[in-house]
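Reading the structure
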Amino acid sequence: MIEIHELTKRYGSVTAVSGLTFTVRPGEVTGFLGPNGAGKSTTMRMIVGLDAPTSGTVLVNGKPPRAHAAPLRELGAMLDPRAVHPSRSACHHLLALARTSGIRRGRVDELIEAVGLAGAASRGAGKFSLGMSQRLGIAAALLGDPHTVILDEPVNGLDVEGIRWIRGLLADLAARGKTVLVSSHLMSEVAQTAHRLIVIGQGRLLADTTVAGLSAGHASLEDAYVHLTDDAVEYRAA
Amino acid sequence: MTTLSYHQHGHHQPARLPVYSLPQRVTQGRVIAAEWIKLRTQQSALWAGAGAIGLTAGFGILYAALLAARPPHGAAAAAFDPTAVSLSGIQLAQIAVGVLGAMLITSEYGSGMIRATFAAVPRRLPVLWGKAAVALAAVFAASVPAVLIAFFAGQSVLAKVGLDTSFGQPGVARAVLGSAAYLAVAAVLGLGLGALLRNTAAAVTALFGLLFGLQLLAGLIPGATGVTLEKFMPSTAGQAIASVHPDPGTSLGPWAGLGLFAGYTVIVLALAARRMSRGDA
C-alpha cells in the first residue's frame, strides 16, 4: 500500500508537486496519469525514497520509504529502463542488485527467464533495445517479489507480445494481492488494465476514481482524460 | 483476493511470475559483496586497474634500465635510492587508481543506475562504505604483485651495474608493500571525490589538484615555510612510506605520512557521505 498525504516538492522556486493526497491499495492495478511535467516522476521518486519531500508524508506499507530493512521485498520500482551500466551484462546487473539483500542467484536466473531475456542475459546491457531494457527493468523491480510495485510507462518500446505480457503480468500481480501503480500515456491500455486511476496535473491531484467513474459521460477514457486535464497541459504544440 | 477480468483479444498467455519467499535483508556485508560484483564487471574499472599495474611495473623496470645504462655520478650517486627507482611508477599509478575509485561511483550517477542502487539500499551510506572496502582491497591486492614485479625485476636490472638493493634490507619491504597500501588509499580518495562531485571529469581534475597541484603550490612557497608545508601535502605525505630513508627535513616519517594521507581521504569520504545521505539521488 502507498499512502501519500499532503505531499509537496519544491525545487527552488519551482513547485513540482503540491498537496498530493491519495492512497494506492493492494489487489488492484492503479493507473497514474497526467500530462508530461505533471509531477508523476517526481512523485514516484519520492515514493522510492530517492528525493525527500519538501513537506507532507509518503508511507510504503506503513513505513517511510527509506526505513525498510528488506527494501526489495517491500517495493519494486522501474523508473528508467535505461539506467544501467552499458558494459555490464544484464545478468550481472541483476546479480549485484539482488546481492545487496542476499537474494539468491537462482531468483535472478528465473526472472531473466520469466521476462524473456534468457538469450540476452550475458550481453552488455548498453546494447539492448528499449524493449529489452524495459524487460530488464521489470526483472530488477521484481527481484525481491515485492508487495508493492511501481512502474513508470512499462509498455513504452515493447512489441505487441511484450504489451500483452505486461497486461497479463499486471493482472497477475494485482491478483496476488500486491499493490500496483503504473503510469502510462496509453489510454487504451490503461482502460483495459487499470481499475482505479489517479490523475495529476501541474503538481496537483485532478482525480482519484475508477476507470468507469472517469469515463462516465464520455466516449472513451481518452476523451474523459483530455477533458479533465485540458487546463493542466504543460507542453502543447502550437 | 480480488478477481480481475481483462479484455482478451485472441490468445493470451498469463504471466507465470515465480514467487520468492526466502528471507532477504540488507546488510553491510551483502552490500560489500554486491559492490565486488559491480567492480569486477565494470570494464572501465578493470582497464584502469590494468593500467595501474602496468604503470607500476613498467615504469619501475624502465627507470631501472635507464639508470643501468647511465649510472649516476657524484652527488646523485651518494643520494641514490634503488628502491625508489623501482617504485617510480607509483607517481603515475596513483592517478590510474584514483580514477578507478572515482569511476566506481561516477558511472552510477552518469548512467542513472544510482537510483536502482539506492532503491535497493535506501540507507545509501552502506553503498559508499561497500565501494570503499572493495576499492581498498582490490587495489591493494592488485598492487602487491605489481610492486613486487617492479622491485625484483628492476633490482635485477640494477644489479648488472651494482646499484641494486635487496628486499631484506631495512625499510625496503616496508617501502615496497607500503606503496601498494598508498595506492589502495589513493583509490579510496578517488572514490570520495567521485561521490562528492558525482562526475568523472570533475573528480579526475580534483584528483590531479590534490595529488599534484597542492605539492607544486607548496613547492613554490619560498624558504622554510614552503618546505614544511610541502611535507604535509597529500601525495608527499602519503609517499613518505615509499622512501627507505625519508629525510626529516623534507618528509614526514613513513607511517605518519601514510596516516595523514589516509586522514585526508577520510575527510573527503565524510564530506561525500554527508552529501550522499542528505541529497536527492
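Please refer to the structure higher up on the page.
Residues numbered from 1 in each chain as written. Chains lettered and ligands numbered in written order. Predicted model: local features only at pLDDT ≥ 70, side-chain atom pairs only at ≥ 80, totals over all residues.

To continue, consider the overall build of chain B. When you go through chain B residue by residue, the secondary structure sums to twelve helices and zero strands. Order of helices (α) and strands (β) in chain B, N terminus to C terminus: α-α-α-α-α-α-α-α-α-α-α-α. Considering only C-alpha atoms, chain B reaches an extent of 95 × 40 × 30 Å along its principal axes. Within the span of chain B, comprising 281 residues, buried residues form 48% of the whole. Across chain B, the fraction of contacts at a sequence separation of at least 24, relative to all contacts at a separation of at least 6, is 79%. (Helix = DSSP H or I, 4+ residues; strand = E, 2+ residues; numbered from the N terminus. Buried ≥ 20, exposed ≤ 12 C-beta atoms within 10 Å, placed from the backbone. Contact = placed C-beta atoms within 7 Å.)

Let us look at the packing of helix 2 (residues 43–69) of chain B against helix 7 (residues 125–159) of chain B. Axis angle and axis distance: for two packed helices, these are the angle between their axes and the distance between the axes, and together they describe the pair. All names here are of chain B. Two elements in contact, helix 2 and helix 7, have axes whose closest approach is 8 Å; the angle formed by their N-to-C orientations is 15 degrees. In terms of their interaxial angle, helix 2 and helix 7 are classed as roughly parallel. At the point where helix 2 passes helix 7, the crossing takes the right-handed sense. Contacts from G49, I53, T56, A57, G60, I61, A64, A65, L67 and A68 in helix 2 reach A142, S143, A146, V147, I149, A150, F151, A153, G154, V157 and L158 in helix 7. Here the residues of the contact of helix 2 with helix 7 are counted per class, giving 16 nonpolar, five polar and no charged. (Axes fitted to C-alpha atoms, helices over the stretch in contact; angles between N-to-C directions. Parallel < 35°, antiparallel > 145°, perpendicular 65-115°, else oblique. Left-handed = near helix turned anticlockwise from the far one by under 90°. Nonpolar A, V, L, I, M, F, W, Y, C, P; charged D, E, K, R; others polar.)

Looking now at the pairing of strand 8 (residues 196–201) of chain A. Residue and element names in this part refer to chain A. Counted residue by residue, strand 8 has six buried out of six residues, so it is predominantly covered. Bridge count for strand 3 (residues 28–33) against strand 8 is four bridges, and the pairing is parallel. Residue pairing across strands places G31 opposite L197, the latter belonging to strand 8. Examined bridge by bridge, strand 8 and strand 9 (residues 204–210) share six bridges and lie antiparallel to one another. Bridging from a neighbouring strand, R196 pairs with T210 of strand 9. If you look at the hairpin formed by strand 8 and strand 9, you'll find two residues sitting between the two strands, and Q202 has a positive phi there, around 50 degrees. (Pairing = 2+ DSSP bridges.)

A few words now on the interface of chain B and chain A. Taken together, the contact between chain B and chain A spans 42 residues of the former and 55 residues of the latter. Taken together, the elements giving at least two residues each to the side of chain B that touches chain A come down to helix 1 (28–40), helix 2, helix 5 (90–111) and helix 6 (113–120) of chain B. Partitioned by chemical class, the residues of the side of chain B that touches chain A number 23 nonpolar, twelve polar and seven charged.

Here the focus is helix 4 (residues 105–114) of chain A. Each turn of an α-helix holds 3.6 residues, which means side chains three or four residues apart point in the same direction. Residues and elements named next belong to chain A. When helix 4 is considered as a whole, its buried residues turn out to be R107, V108, L111 and I112. An end-on view of helix 4 places all buried positions within 135 degrees of arc, on one side of the element. More than 90 degrees from the buried face of helix 4, the exposed residues found are R105 and G106. Residues of helix 4 that are buried sit in contact with helix 3 (90–99) and helix 5 (130–141). Just past helix 4, the residue G116 takes up positive phi, approximately 85 degrees. (Arc of directions from axis to C-beta.)

Residue and element names in this part refer to chain A. In spatial order, the strands read 2-1-4; together these three strands make up an open sheet with antiparallel pairing. Two strands bound the open sheet, and with one partner strand each, they are strand 2 (14–24) and strand 4 (55–60). With direction set aside, neighbouring strand axes in the sheet form an average angle of 20 degrees. Bridge analysis of strand 1 (residues 2–11) against strand 4 gives five bridges, and the strand direction is antiparallel.

With that out of the way, let us pick up the pairing of strand 2 of chain A. Residues and elements named next belong to chain A. Pairing of strand 1 with strand 2, which is carried by seven bridges, proceeds in the antiparallel orientation. Each bridged residue has a counterpart across the sheet, and for K9 the counterpart in strand 2 is V17. Counted between consecutive antiparallel strands, the loop separating strand 1 from strand 2 contains two residues, among which G12 sits at a positive phi close to 65 degrees.

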